[in-house]
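Observations on chain architecture
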Amino acid sequence: MAKIAMLGSGFIGRFYADSLQGQRSRDKIVSIYSRREESAKKFAEDYKVNHWTTTMEEAVANPEVEVVCISLPNNLHEAAVELCCKHKKAVICTKPLGRNAAEAKRMLEAVEKAGIFHGYLEDLVYTPKFLKALESVQQGALGRILWAKSRETHPGPHSEWFWDKEQAGGGCILDLGCHCVEIARSFIGKDIKPVEVMCWADTQVKPIDAEDHAIGLVKYENGAIGQFEVSWTFRGGLDLRDEVMGTEGTIWLNSFLRTGFDMFTTGKGADYVAEKAESNSGWLFPVGDELNELGYNHMFTDMFNAMEDGKAARETFYDGYVVNAILDAAYKSAASKQWEPVQLEIWRGKEGISKEKTQQDYDEQYYLVKEEMTHFGARKVILKDKATGQIIEKTLAE
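What counts and how
Each chain has its residues counted from 1, running along the sequence as written. The predicted nature of this model means local features are confined to residues of pLDDT at least 70 and side-chain atom pairs, given and counted, to a pLDDT of 80 or more, with totals for whole chains, interfaces and linings taken over all residues. Side-chain figures throughout are based on the complete set of non-hydrogen atoms in the structure, without hydrogens or water. By definition, any uninterrupted DSSP run of H or I lasting at least four residues is a helix, any uninterrupted run of E lasting at least two residues is a strand, and each is numbered from the N terminus. Both definitions apply: the radius of gyration is a C-alpha atom measure, and the globule rule equals 2.2 Å times residues to the power 0.38. Buried residues are those whose accessible area, probed at 1.4 Å on protein chains only, stays under 20% of the maximum for their type, while exposed residues exceed 50% and partly exposed ones sit between those limits. Whenever Lys or Arg places a side-chain nitrogen within 4 Å of a carboxyl oxygen from Asp or Glu, that contact is recorded as a salt bridge. The disulfide definition used here is simple: a pair of cysteine sulfur atoms within 2.5 Å. The pairing criterion for strands is at least two bridges between them, as found by DSSP. Each polar contact in these results corresponds to two N or O atoms within 3.5 Å; when the atoms are within protein, one needs to be able to donate a hydrogen and the other to accept it, and residues that are neighboring in sequence are counted only if both atoms are side-chain atoms. The criterion used for residue contact is that any of the two residues' heavy atoms lie within 4.5 Å. Under this rule, positive means Lys or Arg and negative means Asp or Glu; His and the chain ends count for nothing. For every element, the axis is a line fit to its C-alpha atoms; helices are fit only across the contacting stretch, and the angle between N-to-C directions ranges from 0 to 180 degrees. Whether two aromatic rings pair depends on their centres lying within 6.5 Å, for rings of Phe, Tyr and Trp, where Trp uses its six-membered ring; planes under 30 degrees apart make the pair stacked, over 60 edge-to-face, and the rest tilted. In these notes, a set of buried Ala, Val, Leu, Ile, Met, Phe, Trp, Tyr and Cys residues joined through side-chain atoms within 4.5 Å is what counts as a nonpolar core. For the handedness criterion, the strands are oriented away from the viewer, and a crossover whose path from the first strand over the helix to the second runs clockwise is classed as right-handed.

**A word on the overall build of the protein chain**
Scanning the protein chain from N- to C-terminus turns up 11 helices and 19 strands. Its C-alpha radius of gyration of 24 Å places the protein chain within 12% of the 21 Å reference for a compact globule of 398 residues. Each principal axis of the C-alpha atoms in the protein chain carries an extent, and together these give about 80 × 55 × 45 Å. Residues counted as buried form 53% of the 398 residues belonging to the protein chain.

**As for the pattern of salt bridges**
If you walk through the whole model with that rule in mind, you get 29 salt bridges. Between E166 and R99 there is a salt bridge, with its nearest N and O atoms 3.4 Å apart. Linking E166 in helix α7 (residues 165-168) with R99 in the loop between β5 (90-94) and α5 (101-114), this pair joins segments that are 67 residues apart in sequence. One salt bridge connects K149 with E229, and the closest N-O pair in it is separated by 3.2 Å. Of this pair, K149 sits in strand β7 (residues 145-153) while E229 is found in strand β10 (residues 225-231), placing the two residues 80 residues apart along the sequence. The pair formed by K149 and E229 is uniform in burial state, with each residue classed as buried.

**Looking at the state of the cysteines**
Applying the stated criterion across every chain yields a total of zero disulfides. With no disulfide partner, C180 has as its closest neighbouring cysteine sulfur the one in C178, 8.0 Å distant. Exposure remark for C180: the relative accessible area of 1% places this residue in the buried category.

**Some words on the sheet that holds strand β16 (residues 360-361)**
Spatial strand order, β16-β17-β18-β19: four strands in an open sheet with antiparallel pairing. Among the strands making up the open sheet, the edge pair consists of β16 and β19 (391-396). Judged from the two bridges that link them, β16 and strand β17 (residues 366-373) form a sheet pairing that is antiparallel. Bridge pairing links D361 to Y367 in β17.

**With respect to the side chain of D175**
Tracing the backbone through its elements, the reader meets D175 in helix α8 (residues 172-188). Residue classification places D175 among the buried positions, given a relative accessible area of 7%. Reaching out from D175, the side chain makes a polar contact with the side chain of W232 at a distance of 3.0 Å. In this structure D175 touches K95, H154, P157, F162 and W232, once residues within four positions along its chain are discounted.

**With respect to the side chain of D302**
Mapped onto the elements of the fold, D302 is located in helix α10 (residues 296-309). Buried and without a salt bridge, D302 has R314 as its closest oppositely charged side chain, separated by 5.0 Å. At 2.6 Å, the side chain of D302 forms a polar contact with the side chain of Y126. For D302, the residues in contact, after removing those within four places along its chain, are Y126, A313, R314 and E315.

**Points about the sheet that holds strand β1 (residues 3-7)**
Sheet architecture is open: six strands sit in the order β3-β2-β1-β4-β5-β6, paired in parallel fashion. Either end of the sheet is taken by a strand with one partner, and the two such strands are β3 (51-53) and β6 (118-121). On average, each strand axis in the sheet is tilted by 20° relative to the strand beside it, whichever way the strands run. Strand direction decides the pairing type here: strand β2 (residues 28-33) and β3, joined by three bridges, are parallel. Of the residues in β3, the one forming a bridge with S31 is H51.

**So, the packing of aromatic side chains**
Inspection of every chain in the model, using the stated rule, returns nine aromatic pairs. Arranged with centres 4.9 Å apart and planes meeting at 50°, the rings of F130 and F187 form a pair that is tilted. Here the residue F130 occupies a position in helix α6 (residues 128-138), and F187 occupies one in helix α8, the gap between them amounting to 57 residues. Overall, the relative accessible area of 1% leaves F130 in the buried class. Ring centres of F300 and F304 lie 6.4 Å apart, and the angle between their planes is 25°; on these two criteria the pair is classed as stacked. Of this pair, F300 and F304 both sit in helix α10, four residues apart, roughly one helical turn. On the basis of relative accessible area, F304 is assigned to the buried category, the value being 1%.

**Observations concerning the environment of C180**
Inspection of the secondary structure assignment puts C180 in helix α8. Sequence separation between C180 and V230 is 50 residues, and the spatial gap between their C-alpha atoms is 8.2 Å. Excluding its chain neighbours within four sequence positions, the residues that come into contact with C180 are S150, R151, E152, F228, E229 and V230.

**Brief notes about the nonpolar core**
If you look at the biggest cluster of nonpolar residues, it comprises 112 residues, and the most contacted ones within it are L7, Y16, I70, I92, F187, F317 and Y321. The next biggest cluster of nonpolar side chains, apart from the first, holds five residues, and it includes Y366, V381, L383 and L396.

**Focus on the pairing of β5**
Counting buried positions over the five residues of β5 gives five, a clear majority of the element. Of the two faces of β5, both are covered, the one formed by A90, I92 and T94 as well as the one formed by V91 and C93. In terms of strand pairing, strand β4 (residues 67-70) meets β5 through four bridges, oriented parallel. Paired with V67 across the strands is A90, a residue of β5. Crossover connection from β4 via helix α4 (residues 77-86) to parallel β5: handedness right-handed. Note: β5 against β6, four bridges, orientation parallel. Across the sheet, T94 pairs through a bridge with L121, a residue of β6. After leaving β5, the chain enters α5 and then returns to the sheet as β6, a path that is right-handed.

Below, the structure is given as structure tokens:
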């Protein structure tokens, strides 16, 4: 059994608590820290936690605590990690790891110097659909991955600090793009270096200083492209979709908004439907098991199993640092309107990967461009002459 200090009693802290004390059924939150006394008391009451406090170090230093779970606003992550290092407590931190790569790098170096377990709580790379898709990709079902696209859009986050650029560190790029970047990075290969980013961002609707809508492209050293689409202005609920395209196949994932559970109601007796649902009447799209569909259960199972086995988790602070570095480049690109390099002072993947050969031999004379069966029953190939570059087509005999 893992004994946990939860830092933060808000929306994500409660999601985490539901999963932590449910999935493995043997882990227990033994201390809760909140900045507000009434929130700490209510959380302690709801989750049967014996110890609550409004002093962060008191929760971390509690002798009963073995693991610290950080579910705080972005500007408080680094201070919380420093306390975990000071008291030699294993730490798992919500996304994004830092407000920027510099913060994330300091946290990564601190936990590694302290020699403590560290996990990056990127739940959307633990969803059941994602894990199944990733397994297919890693087994070669899609061939060489060329393009991975991830979209997360909704009407905006729940807590006031998200809307404050100084506390949050940014807008929807940092809040949602961290998910999308790590999803695409996982499909392309986390050992493949991201090299540059092109990003458009704007504040289209919300009366805030940060961006509420953005689209970006991340170019990888092997020629693959990651794409993210993020918005706090999307109406209709929480839209989580991924697409992966390879030389041998394609995967489409819809993880939340349309999952095969459709319901109509006049609204009588209806209350909570799903995270960020905008209505409780009309046609609704509930989620069968929200904790599972959003990846929390598999994420915490991986974290605590890794801790017990003395291994690294699938997602560590290093992954959080790489994501922050990519998002830093996205913000620079949104300002400059140009491709901007990803500045990675720490890189632990492959080096010097070149773009893979794209030509497929048909025979000694030709490359194969395309093979198809026409609507009138003829089998046809389109070929490129290796010597002259001429494109021809041939109809093949049956």
